[in-house]
Amino acid sequence: MPDLDREGGWLLTLDDTPQSYVDLAEPTHLEFEYVRRLGHLVDTLAPAGEPLDALHLGGGALTLPRYLAATRPGSRQQVVDIDGPLLTLIEEQLPWHGPGADITAAPGDAREALAAAPPGSADLVIADVFHGSRTPAHLTSVEFLRLAAAALRPGGCYAANLADGPPLDFARAQAATLRAVFPQTCLVAEPSVLRGRRYGNILLIGSDRPLPVEELSRSLAGDPFPARLCDAHALAELVGRTAPVLDSEARPSPPPPDGAFSIG
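All of the points below concern the structure found in this document. (Residues numbered from 1 in each chain as written. Predicted model: local features only at pLDDT ≥ 70, side-chain atom pairs only at ≥ 80, totals over all residues. Heavy atoms only, no water.)

### Comments concerning the nonpolar core
Move 1: Counting 40 residues, the largest nonpolar core has Leu57, Leu114, Val125, Tyr158 and Leu187 as the members making the most contacts within it.
Move 2: Among the elements that make up this core, the one with the highest residue count is helix H6 (residues 169–181) (six residues).
Move 3: Excluding anything up to four places from it in sequence, Leu187 contacts Leu194, Ile202, Leu203, Leu204, Arg228, Leu229, Cys230, Leu235 and Leu238.
Move 4: Formed by 27 residues, the second largest nonpolar core is a distinct cluster that contains Tyr21, Phe32, Leu38 and Val188. (Core = buried A, V, L, I, M, F, W, Y, C linked by side-chain atoms within 4.5 Å. Buried < 20%, exposed > 50% of the residue type's maximum accessible area, 1.4 Å probe, protein only. Helix = DSSP H or I, 4+ residues; strand = E, 2+ residues; numbered from the N terminus. Contact = heavy atoms within 4.5 Å.)

This is how it looks when you write it as structure tokens:
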């Protein structure tokens with residue numbers, strides 16, 4: 001649907017749930033808060049304008065790949081989404097091809113794409129995959145994250161967008177899983193979500209090298225809806241004695257409460 005208040009803006013919905021927002025005239029405009037937070041992460045990973053090789057698991061309307069192409073021209077990006085007809089629709093109605101945009105999009109399963117990725121081929125792996133409103137179980141395990149770690153170059157970064165609500169059992173288990181694979185970790189979410197007051201997006205970030213937590217924290221604090229960054233120490237406290245998730249016990253993320261993401 002076109003955004004009547006912003007020329008060039010388009011909202012993609014799936015089953016009445018907002019899925020993506022893109023501005024064809026200004027790809028650096030990030031409407032959704034969690035996407036803006038991912039944009040801040042992208043901005044802090046390397047010197048301004050330096051290209052990155054990125055693998056995006058979950059495509060939607062390719063909001064973040066467009067942002068990366070605009071802010072870091074020459075970045076080589078691969079997008080994998082299980083919904084082939086959706087990718088075709090987006091390419092026809094909201095095309096992403098343009099100057100500096102080296103973006104390849106193809107239908108496929110996120111885990112299979114990771115398993116097929118050449119070792120050490122990516123600077124950035126972003127997982128933003130939902131089946132309906134839930135993260136599929138096979139994308140929540142230690143074994144899945146090991147595939148992501150193998151696809152990254154030394155110093156590369158993995159980031160996942162998840163959603164959870166009180167009592168945050170899923171988020172704790174996913175944080176424990178992240179810490180089991182990556183030596184450097186952090187979490188980003190709105191304070192109300194972290195306090196267990198409401199359902200919302202949670203970003204989990206991991207790397208084999210120190211993360212730019214101070215710079216990222218400053219960027220997050222300047223947003224209209226500021227998010228809190230939990231560094232490795234705070235994340236360990238959040239996890240407590242929660243065990244990492246293995247394939248044998250993996251479950252999808254909990255369903256959102258009624259109306260959590262509805263546009264009415």
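There's plenty left to go through after this.
### Things to note about the pattern of salt bridges
Move 1: Inspection of the entire model under this criterion finds eight salt bridges.
Move 2: With a shortest N-O distance of 3.1 Å, Glu33 and Arg36 are connected by a salt bridge. Within this pair, Glu33 and its partner Arg36 are both found in helix H1 (residues 33–44), separated by three residues, close to a single helical turn.
Move 3: Classification of Glu33 by relative accessible area gives buried; the value is 17%.
Move 4: Overall, Arg36 belongs to the buried group, its relative accessible area being 17%.
Move 5: Residue Arg111 is joined to Asp247 by a salt bridge in which the shortest nitrogen-to-oxygen separation is 2.7 Å. With Arg111 in helix H4 (residues 110–116) and Asp247 in the segment after helix H9 (232–239), this pair connects stretches of sequence that are 136 residues apart.
Move 6: Members of the salt-bridge network, linked through shared partners, are Asp53, Arg76, Asp123 and Arg153. (Salt bridge = Lys/Arg side-chain N within 4 Å of Asp/Glu carboxyl O.)

### Concerning the environment of Gly39
Move 1: Position of Gly39 among the secondary structure elements: in helix H1.
Move 2: A relative accessible area of 0% places Gly39 in the buried class.
Move 3: Residues Gly39 and Arg218, spaced 179 residues apart in sequence, show a C-alpha to C-alpha distance of 13 Å.

### Some thoughts on the sheet that holds strand S9 (residues 200–207)
Move 1: Taken in spatial order, the eight strands line up as S5-S4-S3-S6-S7-S9-S8-S10 in an open sheet, and their pairing is mixed. Strands with a single pairing partner mark the edges of an open sheet, and in this sheet they are strand S5 (102–107) and strand S10 (228–230). Averaged over all pairs of adjacent strands, the angle between their axes in this sheet comes to 15°, without regard to strand direction.
Move 2: For strand S7 (residues 152–164) and S9, the ladder comprises eight bridges, and the chain directions are antiparallel. Of the residues in S9, the one forming a bridge with Tyr158 is Gly206.
Move 3: Contacts between H1 and the sheet are confined to strand S6 (122–127), S7, strand S8 (184–189) and S9, with S9 contributing the most and set at about 20° to the helix.
Move 4: Across the face of the sheet, helix H5 (residues 142–151) comes into contact with strand S3 (53–57), S6 and S7 while running at roughly 145° to S7. (Pairing = 2+ DSSP bridges. Axes fitted to C-alpha atoms, helices over the stretch in contact; angles between N-to-C directions.)

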